[in-house]
Amino acid sequence: MQTRLGFFLGCLALQVSACATPKAAPSAPPASAPPASAPAPEPTPALDAGPAPETVASAPPPAPSAKTPEAKTEPPALEEKPSQPPIEIITSPDTAFLINYPDSAPLEAARKTCSEKGGTDDEAIATCMNDARAAFKPDVLRFKKNGKSWDFVIYKRDGSRLDEIYSARVDLSEDTPSTVKLKFSSDKGARPLLKNKRDIVLTVPNDYSVVVNDPDLGKLVYEAKVGLVGN
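Residues numbered from 1 in each chain as written. Predicted model: local features only at pLDDT ≥ 70, side-chain atom pairs only at ≥ 80, totals over all residues. Heavy atoms only, no water.

A. Examining the packing of aromatic side chains more closely. If you walk through the whole model with that rule in mind, you get three aromatic pairs. Taking the centre distance of 6.3 Å and the plane angle of 65° together, the rings of F152 and F184 count as edge-to-face. Of this pair, F152 sits in strand 3 (residues 149–158) while F184 is found in strand 5 (residues 179–189), placing the two residues 32 residues apart along the sequence. Residue class for F184 comes out buried when judged on its relative accessible area of 6%. Through successive ring pairs, a cluster of aromatic residues spans F143, F152 and F184. Directly above the aromatic system of Y101 lies the positively charged group of R133, at a separation of 4.4 Å from the ring centroid. Against the face of F184 rests R191, its NZ or CZ located 3.9 Å from the ring centre. (Phe/Tyr/Trp six-rings, centres within 6.5 Å; stacked < 30°, edge-to-face > 60°. Helix = DSSP H or I, 4+ residues; strand = E, 2+ residues; numbered from the N terminus. Buried < 20%, exposed > 50% of the residue type's maximum accessible area, 1.4 Å probe, protein only. Lys NZ or Arg CZ within 6 Å of the ring centre and 35° of its normal.)

B. Focus on the pairing of strand 6 (residues 199–203). Only one face of strand 6 is buried, namely the one carrying I200 and L202, since none of D199, V201 and T203 on the opposite face is buried. With five bridges connecting them, strand 5 and strand 6 associate as antiparallel partners. Across the sheet, the residue bridging to L182 is I200, located in strand 6. (Pairing = 2+ DSSP bridges.)

C. Just the side chain of S167, in detail. Mapping S167 onto the fold places it in strand 4 (residues 161–176). If sequence neighbours within four positions are ignored, S167 has contacts with F152, V153, S186, D187 and K188. (Contact = heavy atoms within 4.5 Å.)

D. Quick peek at helix 3 (residues 105–118). Taking 1.5 Å of rise per residue, the 14 residues of helix 3 would be expected to cover 20 Å, and the 20 Å separating its terminal C-alpha atoms lies within 8% of that figure. Residues of helix 3 that are buried: P106, L107, A110, C114 and G118. Taken down its axis, helix 3 places every buried residue within 95° of arc, on the same side. Facing away from the buried side of helix 3 by more than 90 degrees, the exposed set consists of E108, K112 and E116. Residues of helix 3 that are buried make contact with helix 4 (122–135) and strand 8 (218–226). At the C-terminal side of helix 3, G119 shows a positive phi close to 60°. (Expected span 1.5 Å × (residues − 1). Arc of directions from axis to C-beta.)

E. Inspection of the state of the cysteines at higher detail. Counted by the stated rule, this structure contains one disulfide. The disulfide partner of C114 is C128, and the gap between their sulfur atoms is 2.1 Å. Sign of the S-S torsion, about -75° for the bond between C114 and C128, identifies this disulfide as left-handed. Of the two residues, C114 is situated in helix 3 and C128 in helix 4; the sequence distance between them amounts to 14 residues. A single burial state applies to C114 and to C128, both of which are buried. (Disulfide = S-S within 2.5 Å.)

F. Spatial organisation of unusual backbone geometry. Backbone geometry places D94, a non-glycine residue, at a positive phi of 60°. Turning to its location among the elements, D94 is positioned in the loop between helix 2 (86–90) and strand 1 (95–99). Here D94 falls in the partly exposed class, since its relative accessible area comes to 39%. If you check the backbone angles, N196 has positive phi at about 60° while not being a glycine.

Keep in mind that these numbers describe shape and distance, not what the molecule does.
This is the structure:
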């Protein structure tokens, strides 16, 4: 009896002890870690539509090129030639041919010679030039009718006076439409141009002049003068 009572009391004491001991508060569940931030979605790659077309800058239409004005070409000078047969021109009645000394070669030759001799002495050069002009003899040419033939006469001019210094009987023939050939058959005096030649050629480039190309004197230009020499 006592044993049961003691056992009962012992059990009761255990229950009381268990009830008196405070139960430990349940531990709070561990805080859950904040959710990891989701990775940003990768951009969806754009569909490859091929290389982007190049932007071609529309170039302005080329400006019309300004044409360089072509240099005006002068028409070739017409070859001067006489309007009549050259024999008719040189044998025209009352016509003689006077030297155009400024346009003839002896003037330039005299300038060169006198400049070399006179140096810087203008007076000496002028005297030399005057002497050279005076020494030039074939001033006037004339064709004079003599029966069926022609006489070729050369004059030296002294002021208004003309002195005959040479004459010759000649046969005339047209060498070309602008030249006349002279063939000498007799001479009187010393011929001051085209010396020692039995045949000479005169050029008649137009209706009013005659040109003589002398191997010693150079180019001599003569101009037609009517009434210069009397009959």
